[in-house]
Amino acid sequence: MNCRLAALGLLLLWGGVKLPWEKSLAAQRERVMYGAGASVSPQLRDSLGQGLSMAALGGFRGVAANFLWISLTEAWQERQWSRVQTYAELSVLLQPRVVFFWEMGAWNLAWNASMDAQYNGRTGGISSRNRDARMWVEAGRDLLERGLSFHPEKYNLYRALGDLYWQRLQDYNRAAEYYLLAAAKPGAPAYLERFAGRALEEAGRKQDAYVYWKTLWLGTTDHGPGPRRWDVIEKRIRKLETELNIPLEKKLFPR
Amino acid sequence: MPSLDRILAIARNTLTESLRQRVLYVVLLFALVMLGGSNFFTRFTFQEEFKFLKDLAYAAISMTGLLVALMSAAQLIPAEMEKRTIYTVLSKPVRRYEFILGKYLGLMALITLLMVVMSAVFAVVLWSKEVSQVSPILQAAQGHPNEEQWQAIREIRAQAYDPGLLQAAVLLWAKLCVVTALSVLFSTVATSTVFIVCMTLLVYFVGHLQSLAREIWLGRAGPVEWYKKALLGTVSFLVPDFQNYSLIDEVIAGNRIPGAVTLQVLVYTFFYTMVLLALSALIFEDREL
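Residues numbered from 1 in each chain as written. Chains lettered and ligands numbered in written order. Predicted model: local features only at pLDDT ≥ 70, side-chain atom pairs only at ≥ 80, totals over all residues.

Chemist: I'd like a rundown of the overall build of chain B, residues and numbers included.
Modeler: Secondary structure assignment for chain B yields 13 helices and 0 strands. When the helices and strands of chain B are placed in sequence order, the string is α-α-α-α-α-α-α-α-α-α-α-α-α. Seen through its C-alpha atoms, chain B measures out along the principal axes to roughly 75 × 55 × 35 Å. Across the 289 residues that make up chain B, the buried fraction comes to 44%. Partitioning the contacts of chain B with sequence separation of at least 6, the portion at a separation of at least 24 is 80%. (Helix = DSSP H or I, 4+ residues; strand = E, 2+ residues; numbered from the N terminus. Buried ≥ 20, exposed ≤ 12 C-beta atoms within 10 Å, placed from the backbone. Contact = placed C-beta atoms within 7 Å.)

Here's what the structure looks like:
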């Protein structure tokens, strides 16, 4: 009897101790899993709660998200774009910290679905097909922009947004902006800084592009072979110096 | 004073007995097939393939651990009573809490052993995946990969040889420590194996929703009726929060989890396990055999 009372006492005592502890652990877990918290919209938080509870029983959230992702791939093969969008949304709801769910989900919408609507659309005229294509591009952009709040430290989604603005919306200014942000992230490939310069040129901001390339060149004295491809950067600078009629004494490459 | 020798002798005996169960090898074989089979996800990008592989592998390890913990712990006391071996053990100078502790350590040794075997197989699968992904890139580049190819190789290698996977394995092991302790606790109260398995599974599933119950109980999701609140409060009070171990998914996804957070989860696991074992010992002390 004494032992049972002791067991009950221990259970109650432990319950009182563990609750605040679990609350603090949950807060830390949320921070780790969903970022800073403040950057996540309340709507998204609510949806996440529902999405997470789907696979919560059993704790196999990753496997459930993979299943959805494989279903997305099937829908993609069948060109069922609304299903692709639904599966992409569900996948990111279940595992928002998997960067490629956002990146490839957006690629499916902004490239595959959009191109399919534009060139293979069965209904409507050109304007209607263009409108549909634009709608998918915007859906992809929306997905990437939401993904940024979960992955502010990675270059992938900034790069994907740069690609989207360049290739799908021909907005080279925004593309340059995102490539610059991507290039500044740890582990970013060196070619992203060149993409930013090229986007500035495409946007018609040749003076800005020239200043940008020049700053890159003067930022180091090591212009040997390597991933930063100084030979390519030198070509860009030479080309812009000619196009902008830079006076000889101010040219970085006078000859 | 508890005797470490006695506890270890019981643990050794439990491990040996468990290793003799044929069903264990069937479960292990199933897990190994699943681990090997997870390598056959192809026609996806390497990020997708690595994620599928890791998720499936950890699910296989987790499921195996859970099954073994359930099967072995459920038979812990009921089977000993049925075979009457428990009377022989307890008629010797063995205290009941030493018996419980020894049984638990034996089961954990078994689970640890299985995890080591499965992790070793998983490491080989990961290595073969890395080789199968990198070789074509190197061949295409004729030994001189360009910048993008190097980037891809770096990313593939980072996925394959991610030290975070060890962190995930430790967290998974910690989760199984609590599940096994729960099974041991139920085996001290019940006489039926089915009851023990069902109760442990129930707590396991509810434990994954405990954080949700706690949020609602604390009023974060708006007002609820008193009886629902009482039920949710009881769940929050009695059931462990298994979502603490959902960090495993984050690690597998390639995200960095601060060591301090992992350490706190491990400390939580330690104390939770100790409390469950103490409860088991107290209940078993009073039990009529």
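Chemist: Give me the lowdown on the overall build of chain A, citing residues and values where you can.
Modeler: Of the regular secondary structure elements, chain A holds 11 helices and 0 strands. For chain A, the succession of helices and strands along the chain, N to C, is α-α-α-α-α-α-α-α-α-α-α. A separation of at least 24 residues holds for 52% of the contacts in chain A among residues at least 6 apart in sequence.

Chemist: Could you give an account of the packing of helix 7 (residues 156-168) of chain A against helix 8 (residues 172-183) of chain A, with specific residues and numbers?
Modeler: All names here are of chain A. Where helix 7 meets helix 8, the axes come as close as 8 Å, and the angle between the chain directions of the two elements is 165°. In terms of orientation, helix 7 lies roughly antiparallel with respect to helix 8. Crossing handedness for the pair helix 7 and helix 8: left-handed. Contacts between helix 7 and helix 8 involve Tyr-158, Arg-159, Leu-161, Gly-162, Tyr-165 and Trp-166 from the first element and Tyr-172, Arg-174, Ala-175, Tyr-178, Tyr-179, Leu-181 and Ala-182 from the second. In the contact of helix 7 with helix 8, the residues fall into 10 nonpolar, 1 polar and 2 charged. (Axes fitted to C-alpha atoms, helices over the stretch in contact; angles between N-to-C directions. Parallel < 35°, antiparallel > 145°, perpendicular 65-115°, else oblique. Left-handed = near helix turned anticlockwise from the far one by under 90°. Nonpolar A, V, L, I, M, F, W, Y, C, P; charged D, E, K, R; others polar.)

Chemist: How would you summarise helix 10 (residues 206-218) of chain A if you had to cite specific residues and measurements?
Modeler: End to end, helix 10 of chain A covers 18 Å across 13 residues, agreeing with the expected 18 Å (1.5 Å per residue, within 8%). Where helix 10 of chain A is buried, its residues touch helix 9 (191-202) and helix 11 (230-243) of chain A. (Expected span 1.5 Å × (residues − 1).)

Chemist: An account of the interface of chain B and chain A is requested, with residue identities and associated values reported.
Modeler: Each partner contributes to the interface: chain B provides 42 residues, whereas chain A provides 36 residues. Sorting the residues of the side of chain B that touches chain A by element identifies helix 3 (46-74), helix 7 (147-160), helix 10 (210-217), helix 11 (226-238), helix 12 (247-252) and helix 13 (259-286) of chain B as the ones contributing at least two each. At 11 residues, helix 13 of chain B tops the list of elements feeding residues into the side of chain B that touches chain A. Here the residues of the side of chain B that touches chain A are counted per class, giving 22 nonpolar, 10 polar and 10 charged.

Chemist: Break down helix 5 (residues 99-120) of chain A for me, citing the residues and quoting the values.
Modeler: End to end, helix 5 of chain A covers 30 Å across 22 residues, agreeing with the expected 32 Å (1.5 Å per residue, within 8%). Maximal helix bending in helix 5 of chain A amounts to about 25°, located at Asn108(A). (Bend = angle between axes of the 7 residues up to and from the residue.)

Chemist: Report on the confidence of the model for chain A, specifying residues and quantitative values.
Modeler: Low pLDDT marks stretches whose predicted atomic positions should not be read closely. In the predicted model, chain A carries a mean pLDDT of 85, and the fraction of residues at 70 or more is 89%. Note that residues 36-45 of chain A has pLDDT below 50 and, in this model, 8 contacts with residues that lie over four places away or in other chains. (pLDDT = per-residue confidence, 0-100.)

Chemist: Pulling in residues and values, what's your account of the packing of helix 8 (residues 164-189) of chain B against helix 13 of chain B?
Modeler: Two numbers describe a pair of packed helices, the interaxial angle and the distance between the axes. All names here are of chain B. Packing of helix 8 against helix 13 brings their axes to within 9 Å, and their N-to-C directions diverge by 15°. It follows that helix 8 is roughly parallel to helix 13 by the angle criterion. With respect to the hand of their crossing, helix 8 and helix 13 are arranged in left-handed fashion. For the pair helix 8 and helix 13, contact is made by Gln-167, Leu-171, Ala-174, Cys-177, Val-178, Ala-181, Leu-182, Val-184, Leu-185, Thr-188 and Val-189 and by Thr-262, Val-265, Leu-266, Thr-269, Tyr-272, Thr-273, Leu-276, Leu-277, Leu-279, Ser-280, Ile-283 and Phe-284, respectively. The class makeup of the residues in the contact of helix 8 with helix 13 is 17 nonpolar, 6 polar and no charged.

Chemist: Quick rundown of the environment of Val117(B)? Include the residues and the values.
Modeler: Residues and elements named next belong to chain B. If you trace the backbone, Val-117 turns up in helix 6 (residues 96-140). The exposure class of Val-117 is partly exposed, given the 15 C-beta atoms found within 10 Å. Separated by 56 residues in the primary sequence, Val-117 and Ile-61 have C-alpha atoms spaced 9.9 Å apart.

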